[in-house]
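Structural description and commentary
Below, each chain spelled out in residue letters.
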Amino acid sequence: MDRVSAFDEPLRKLLGGATAKVMADHLDLHTVGDLLHHYPRRYEERGRLTALTDLPLDEHVTVVAQVADARVLTFNNGRGKRLEVTLTDGHGRLQLVFFGHGVHKPHKELLPGRRAMFAGKVSVFNRKLQLAHPTYQLLDVQDTDEAAEAVDAFAGRLLPIYPACKQLDSWRIAKAVDTVLPGAQEAVDPLPPALREGRGFASLPEALLKIHRPQTKADIALARDRLKWDEAFVLQVALARRRYTDTQLPAVARRPRSGGLLDAFDAKLPFTLTEGQRKVSAEIFDDLATERPMHRLLQGEVGSGKTMVALRAMLGVVDAGGQAAMLAPTEVLAQQHHRSITEMMGELAEGGMLGGSEQGTKVVLLTGSMGAAARRQALLDLVTGEAGIVIGTHALIEDKVKFHDLGLVVVDEQHRFGVEQRDALRSKGKQPPHLLVMTATPIPRTVAMTVFGDLETSVLDQLPAGRSPIASHVVPAKDKPHFLSRAWERVREEVENGHQAYVVCPRIGDDADDEASAGKAKPRKKAADGADGAENGEDGGDDGEKRPPLAVLDIAEQLAKGPLTGLRVEVLHGRMNPDDKDEVMRRFAAGQADVLVATTVIEVGVNVPNATVMVIMDADRFGVSQLHQLRGRVGRGSAAGLCLLVTEAHEAGPARARLSAVASTLDGFELSRIDLEQRREGDVLGQAQSGVRSSLRVLTVIDDEEVIAAAREEASTIVAADPELEHLPELRTALDALLDKEREQYLDKG
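Reading guide: rules and limits
- Residues numbered from 1 in each chain as written.
- Predicted model: local features only at pLDDT ≥ 70, side-chain atom pairs only at ≥ 80, totals over all residues.
- Heavy atoms only, no water.
- Helix = DSSP H or I, 4+ residues; strand = E, 2+ residues; numbered from the N terminus.
- Buried < 20%, exposed > 50% of the residue type's maximum accessible area, 1.4 Å probe, protein only.
- Contact = heavy atoms within 4.5 Å.
- Areas by Shrake-Rupley, 256 points an atom, 1.4 Å probe, with all protein chains shown as cover.
- Right-handed = clockwise from strand over helix to strand, strands pointing away.
- Phe/Tyr/Trp six-rings, centres within 6.5 Å; stacked < 30°, edge-to-face > 60°.
- pLDDT = per-residue confidence, 0-100.
- Axes fitted to C-alpha atoms, helices over the stretch in contact; angles between N-to-C directions.
- Parallel < 35°, antiparallel > 145°, perpendicular 65-115°, else oblique.
- Left-handed = near helix turned anticlockwise from the far one by under 90°.
- Nonpolar A, V, L, I, M, F, W, Y, C, P; charged D, E, K, R; others polar.
- Salt bridge = Lys/Arg side-chain N within 4 Å of Asp/Glu carboxyl O.
- Pairing = 2+ DSSP bridges.
- Core = buried A, V, L, I, M, F, W, Y, C linked by side-chain atoms within 4.5 Å.
- Expected span 1.5 Å × (residues − 1).
- Arc of directions from axis to C-beta.
- Polar contact = N/O pair within 3.5 Å; in protein donor to acceptor, adjacent residues only side chain to side chain.

**Things to note about the overall build of the protein**
Regarding its fold elements, the protein presents 28 helices and 21 strands. Put simply, the protein has 750 residues, and 57% of those count as buried. Counted over contacts in the protein with a minimum sequence separation of 6, partners at least 24 positions apart contribute 74%. Accessible surface, the protein as shown: approximately 31100 Å² in total, 49% of it carbon and sulfur.

Spelled out as structure tokens, the structure:
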């Protein structure tokens, strides 16, 4: 067997078909290399019991604890038996329950004083946390010859606790690791020898051995340091190679001309730009003036004025003889952008039209559902160069869309688009156009260095004058129904004071296959290690999993007939006819509707300053950044905003903790940290979009900023000297293994 193939050996050959199938289906582990990179999540020590006081509800856990009490109870007039076992760790208690024929074995083995490892899903019964029918492994065997051996084997050892699943417990994974561990000696070391020696790292085989079977805590630290570095370094090499490739591309420098369209626009602005907007604009115009494509990420809080910055960049490119395209994720947002940009530009958006400015240009909209005549005219305006600016959805990417001279692509809400879609639009330029990516989801610096590692980053963290504070509160509808009644009273009060309100639901509620147009709310699948993967509405939230998510059409009807009777209630969702959607938004923006009941189609870009209340139903089914985005739709005018997060989630569950975090701060960067801490790193690095398993296992982008920054520096140096890695075949092999072509392309997707 050669050095590479040991890692590529299928698990079924070594572990048997049944175990290998469970690992493949539930943990996405297929080869020896996959399993060797499936690291323990934590380690148990002899004499130290797992804390039972903070077990996560509804997640699969492994605990080490002592039996405090065990009793058999009967029910159904003695026909049924139930074994209840109480565990303790000196701080908290946990109940186990076994039924029927499953009572006999644990009744004999789980005696008071016995210590064991238990694995199962945490649920609630009679307001107490419990594990129903957990699997377990005794850690001390009393009064037998094996007792001393068992205790000795356990004493002083660090027991690895692996990310597990219902079908495969941590200790069974540990046994499987024992089987494949000899293969660690075949590991190909990706680090250049000089780098490894210079930083004093262990060899890769040694690190793998020590992460799985440490003798001491120092072993764990040594292994983690090495493996963290590998993960950061391989990712950064991939990104450095993307950056290098991009620097080799030619581009047309786009410098705005003095006294042109941009100057005319600036002269008619009724307000002054914030200092942040001026600074970021300067960075963008510096990039546009170079003969290589700009690759810049513009991130800013909801309402920080990103659209204004992007519009000025587009006008500058039109000034320089090019065209600019803005790609928006939904038709509602594309229409909103088109409306607000043409309003801001006034006669400057009517170039070539009667009454339009001589310095102006045409601003066209292009969406998939436009009428044939309007679409034909828009395509003609683009190919002739009559339209300097186009705003559209995925329709912009179609083959029949041709530009006269595409100079700048602006991508709004980057996380909604695939790299392929973005690149398809960029390929429409005669030479690669400049690229500006915008997101209203604040991103910590380390995430920007990984997720958006091929983009330079600009941050807008200053809100324009006139924005109002937003108060946020969690409304526990199940525990305190009168709180929900009060929420609807508050909506009525705001409307009576001349304001408007949004009510957001995760689902539409018609007969079609019911996925919300943007939120896709559905009961989430638990991550293999029980971590919280609740982004894009995939939470399912505790008790909420027992019923479908609340729906726009149902809630709108209930409100109109009940607590909001007499108010003008309208609905908006992604499956409505685009003209109808636009008409509803126009009416709401004009104050002709009081309450808009919608899906997350209003999540980004929708701007109605008179709307002051946002009620989010089943808020636990949305992710942190999504809630922050939705909340940003209110407080956009001079009146204070109010956001009410309605939930039936259990008070002790992770979903409620997430909602409380959102309610406690308006700081998007703080929320992004909370979001990161609660979610798997793989989701952060685009796993959810790409469908491939994350290569991050010990690196945490939230805590390991120094490692990531150092790895980025080393990677840039190495790639600059050897872009194809011709002299570093081991690094090339590791790159191919950890980041196949698909994964590498998705790295900057966000």
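That covers the picture; the talk isn't over yet.
**What to know about the environment of Val72**
Along the chain, Val72 falls in strand E2 (residues 60–75). Here the alpha-carbon distance between Val72 and Val85, two residues 13 residues apart in the chain, equals 8.7 Å.

**Focus on the pairing of strand E18 (residues 569–572)**
Of the two faces of E18, the one holding Glu570 and Leu572 is buried and the one holding Val569 and Val571 is not buried anywhere. For the segment spanning E18, helix H20 (residues 578–589) and strand E19 (residues 595–598), crossover handedness is right-handed.

**Quick notes on unusual backbone geometry**
One non-glycine residue, Asp28, adopts positive backbone phi at about 60 degrees. Examined against the element boundaries, Asp28 turns out to sit in the loop between helix H3 (17–27) and helix H4 (32–36). Since its relative accessible area comes to 30%, Asp28 is described here as partly exposed. You will see that Arg127, though not glycine, has its phi angle at about 65 degrees, which is positive.

**With respect to the packing of aromatic side chains**
This model, assessed by the stated rule, comprises 6 aromatic pairs. Ring geometry for Phe98 versus Tyr136: centroids 6.4 Å apart, planes at 80 degrees, classification edge-to-face. Within this pair, whereas Phe98 is found in strand E4 (residues 93–99), its partner Tyr136 is found in strand E7 (residues 135–138), the two being separated by 38 residues in sequence. Grouping residues by exposure puts Phe98 and Tyr136 together as buried.

**Observations concerning the confidence of the model for the protein**
For the protein, mean pLDDT is 80; residues scoring 70 or higher make up 81% of the total. Throughout residues 680–694 the model reports pLDDT below 50, and contacts reaching past four residues in sequence, or to other chains, amount to 48 contacts. Low confidence marks residues 741–750, where pLDDT is under 50. Its contacts with residues over four positions away, or in another chain, come to 46 contacts.

**Things to note about the packing of helix H14 (residues 331–345) against H20**
With their axes 10 Å apart at the nearest point, H14 and H20 run at an angle of 55 degrees to one another. Judged on the interaxial angle alone, H20 and H14 are oblique. Crossing of H14 over H20 shows right-handed handedness. Contact residues: Glu331, Val332, Gln335, Gln336 and Arg339 in H14; Pro578, Lys581, Asp582, Met585 and Arg586 in H20. Residues of the contact of H14 with H20, tallied by class, amount to 3 nonpolar, 2 polar and 5 charged.

**Thoughts on the side chain of His338**
Note that His338 resides in helix H14. Those residues in contact with His338 that lie beyond four places of it in its chain are Val363, Val364, Leu365 and Ile391.

**Overview of the pattern of salt bridges**
Taken as a whole and assessed by the stated rule, the structure comprises 34 salt bridges. Here Arg71 makes a salt bridge to Asp69, at a shortest N to O gap of 3.0 Å. The exposure class of Asp69 is partly exposed, given its relative accessible area of 25%. Each of the salt bridges in this network shares a partner with another, and the network as a whole consists of Arg486, Glu489, Arg490, Glu493 and Glu494.

**A look at the sheet that holds E19**
In spatial order, the strands read E16-E21-E20-E17-E19-E18; together these 6 strands make up an open sheet with parallel pairing. The open sheet has two edge strands, strand E16 (470–476) and E18, and neither has a second partner. Across the sheet, the mean angle from the axis of one strand to that of its neighbour is 20 degrees, orientation sign disregarded. Relative to strand E20 (residues 611–616), strand E17 (residues 500–504) runs parallel, the two sharing 5 bridges. Pairing of Tyr502 across the sheet is with Met614, part of E20.

**Some remarks on the nonpolar core**
Judged by nonpolar contacts, the single largest core of 39 residues is most densely connected at Met314, Met345, Ile389 and Leu408. Among the elements that make up this core, the one with the highest residue count is helix H13 (residues 306–319) (9 residues). Apart from the residues lying within four places of it in its own chain, the contact partners of Ile389 are Leu311, Met314, Leu315, Val318, Ala324, Met345, Lys362, Val363 and Val364.

**Section: the pairing of strand E14 (residues 434–439)**
Counted residue by residue, E14 has 6 buried out of 6 residues, so it is predominantly covered. Residues His434, Leu436 and Met438 of E14 are buried on one face, and the alternating residues Leu435, Val437 and Thr439, pointing to the opposite face, are buried as well. As judged from the 5 bridges shared by strand E9 (residues 295–300) and E14, these two strands associate in the parallel manner. Residue pairing in the sheet places Gln299 in a bridge with Thr439 of E14.

**Looking at the sheet that holds strand E10 (residues 323–327)**
What the 7 strands build is an open sheet, ordered E11-E12-E10-E13-E14-E9-E15; its pairing is parallel. The sheet terminates laterally at strand E11 (362–366) and strand E15 (456–460), the two strands that pair on one side only. In this sheet, neighbouring strand axes are inclined to one another by 20 degrees on average, regardless of whether the strands run parallel or antiparallel. Bridge analysis of strand E13 (residues 406–412) against E14 gives 5 bridges, and the strand direction is parallel. Directly across from Val410, in E14, lies its bridge partner Leu436. Against the sheet, H13 touches E9, E10, strand E12 (387–392), E13, E14 and E15, its axis set at about 170 degrees to E13.

**Quick word on the packing of helix H11 (residues 261–268) against H13**
Two elements in contact, H11 and H13, have axes separated by 8 Å at closest approach and are oriented at 145 degrees. For the pair H11 and H13, contact is made by Leu261, Leu262, Phe265 and Asp266 and by Met308, Leu311, Arg312, Leu315, Gly316, Val318 and Asp319, respectively. Classifying every residue of the contact of H11 with H13 gives 7 nonpolar, 1 polar and 3 charged.

**A few points about the environment of Arg547**
With respect to the helices, strands and loops of the structure, Arg547 is situated in the loop between E17 and helix H19 (552–561). Arg547 sits in the partly exposed class, given a relative accessible area of 21%. Those residues in contact with Arg547 that lie beyond four places of it in its chain are Asp618, Arg621 and Glu648.

**What about H20?**
Under the 1.5 Å per step criterion, the end-to-end length of H20 is 16 Å for 12 residues, consistent within 8% with the ideal 16 Å. Regarding H20, the residues found buried are Pro578, Lys581, Asp582, Val584, Met585 and Phe588. Axial view of H20: buried residues confined to an arc of 160 degrees, hence all on one face. Elements in contact with the buried residues of H20: H14, E17, E18, E19 and E20. Taking the backbone nitrogen of Asp579 as reference, a side-chain oxygen 2.7 Å away marks Asn577 as the first, capping residue of H20. Once H20 ends, the next one or two residues include Gly591, with phi positive near 80 degrees.

**Focus: the environment of Cys505**
Locating Cys505 in the fold gives a position in the loop between E17 and H19. Among the residues examined, Cys505 registers a relative accessible area of 0% and is labelled buried. Considered as a pair, Cys505 and Thr599 are 94 residues apart in the sequence and their alpha carbons are 5.3 Å apart. Excluding residues that lie within four positions of it along the chain, Cys505 makes contacts with Leu550, Ala551, Val552, Ile555, Val597, Ala598, Thr599, Thr600, Met617 and Phe622.

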